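If you want the building blocks of each chain, they are given just below.
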Amino acid sequence: MVDGHEKKCIVVDLDGTLIDGNSLHLLMKWMIHVLSLSCKLSICSVAIKRLLNIVSHIEMKREIIRMSESRLTDDDIMAFVKCLKGFVSEDVMARIISYSNQGYKIILATAAPDIYVAPLVSLLDFDGYVASDTDKLIKCREEMRGLAKGECAEAYANERNWKISVVMTDHEDDIPLLRMHDIKRILVRPTKKLQDMLNQEGLIYETII
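Parameters at a glance
Residues numbered from 1 in each chain as written. Predicted model: local features only at pLDDT ≥ 70, side-chain atom pairs only at ≥ 80, totals over all residues. Heavy atoms only, no water. Patch = residues over 30% accessible without salt bridge, like charges linked within 9 Å, V, L, I, M, F, W, Y side chains within 5 Å. Areas by Shrake-Rupley, 256 points an atom, 1.4 Å probe, with all protein chains shown as cover. Salt bridge = Lys/Arg side-chain N within 4 Å of Asp/Glu carboxyl O. Helix = DSSP H or I, 4+ residues; strand = E, 2+ residues; numbered from the N terminus. Buried < 20%, exposed > 50% of the residue type's maximum accessible area, 1.4 Å probe, protein only. 1 Å grid on protein atoms, 1.4 Å probe; cavity = no way out; pocket = protein on both sides within 12 Å on 5 of 7 lines; lining within 4 Å. Points joined across faces, edges and corners; volume = space filled by probe spheres on them. Nonpolar A, V, L, I, M, F, W, Y, C, P; charged D, E, K, R; others polar. Expected span 1.5 Å × (residues − 1). Contact = heavy atoms within 4.5 Å.

What about a nonpolar patch on the surface?
And step 1. Taken together, the side chains of Ile48, Leu51, Leu52 and Ile54 make up a nonpolar region of the molecular surface, amounting to roughly 460 Å² of accessible area.
And step 2. Along the chain, the position of isoleucine 54 falls in the loop between helix H2 (37–51) and helix H3 (57–71).
And step 3. Isoleucine 54 sits in the exposed class, given a relative accessible area of 56%.

Observations concerning the layout of surface pockets
And step 1. The volume enclosed by the largest pocket comes to roughly 340 Å³.
And step 2. Along the wall of the largest pocket there are 18 residues; nearest its centre are Asp15, Asn22, His57, Ala111 and Arg145.
And step 3. Broken down by secondary-structure element, the contributors of at least two residues to the lining of the largest pocket are helix H1 (23–34), H3 and strand S2 (105–113).
And step 4. For the lining of the largest pocket, a count of residues per class yields 4 nonpolar, 6 polar and 8 charged.
And step 5. Space inside the second largest pocket adds up to approximately 220 Å³.
And step 6. Taken together, the elements giving at least two residues each to the lining of the second largest pocket come down to strand S3 (128–132) and helix H8 (146–159).
And step 7. Per element, the largest residue contribution to the lining of the second largest pocket is 4 residues, and it comes from S3.

Comments concerning H3
And step 1. Taking 1.5 Å as the rise per residue, H3 with 15 residues should run 21 Å; its terminal C-alpha atoms sit 21 Å apart, in good agreement.
And step 2. Burial in H3 covers these residues: Ile58, Met60, Lys61, Ile64, Ile65, Met67 and Ser68.
And step 3. The inward-facing, buried residues of H3 contact H1, H2, S2, helix H6 (114–124), S3 and helix H7 (134–140).

Points about the pattern of salt bridges
And step 1. Taken as a whole, this structure holds 12 salt bridges when the rule is applied.
And step 2. Among the salt bridges present, the one from aspartate 174 reaches lysine 149, with a minimum N-O distance of 2.9 Å. Pair noted here: aspartate 174 is in the loop between strand S4 (162–169) and helix H9 (175–178) and lysine 149 is in helix H8, with a separation of 25 residues, a long-range link. You'll find aspartate 174 and lysine 149 in the same group, each marked buried.
And step 3. In this structure, glutamate 201 engages arginine 179 in a salt bridge whose closest nitrogen and oxygen atoms are separated by 2.6 Å. Placement of the pair is glutamate 201 in the loop between helix H10 (192–200) and strand S6 (206–208) and arginine 179 in the loop between H9 and strand S5 (184–188), with a sequence separation of 22 residues.

Structure follows, in structure tokens:
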């Protein structure tokens with residue numbers, strides 16, 4: 001039961017949910033267009049290594065974010081964020097706006113780095129975010145995903161006296177959040193694996209295709 005002074009909130013995933021696509025891949029493409037030839041070659045090199053499984057996803061991500069932090073200005077980051085806004089799903093955003101109009105707080109929860117998540121949240125006028133810390137990602141290869149992401153989103157809400165009432169995601173990485181009690185689960189173009197997991201556990205959800 002929600003306390004009289006407690007605000008409801010909605011937790012929204014970024015890649016594949018709020019936006020149509022993967023923000024890291026979009027960043028890589030954007031950087032190829034704006035950076036020097038040597039940087040373009042570095043980005044292509046790490047992408048090829050990833051395709052050949054020479055490096056892991058987190059190693060590729062670490063290298064791209066390290067490069068973005070050292071090569072991009074604040075204005076560059078904002079330009080990318082404005083580009084990223086163009087990939088926001090109209091259907092998902094309409095649902096978010098509807099909840100916001102009902103007084104819900106909006107939390108963007110993602111494994112993407114805060115170097116561009118923070119300005120995106122500001123641009124979209126959301127109320128907060130949980131994201132991978134850029135320094136930890138670069139230095140320790142530490143990402144905000146799975147159980148850690150769920151726990152941090154819940155802690156973020158609790159600290160502000162908000163109650164997570166809706167979770168929107170496309171991926172099974174967010175199972176810890178989707179297993180919360182007394183929430184509405186909205187799946188956006190979900191993977192079959194995620195649907196199977198929720199069906200097996202008897203968890204009710206709706207989908208946005």
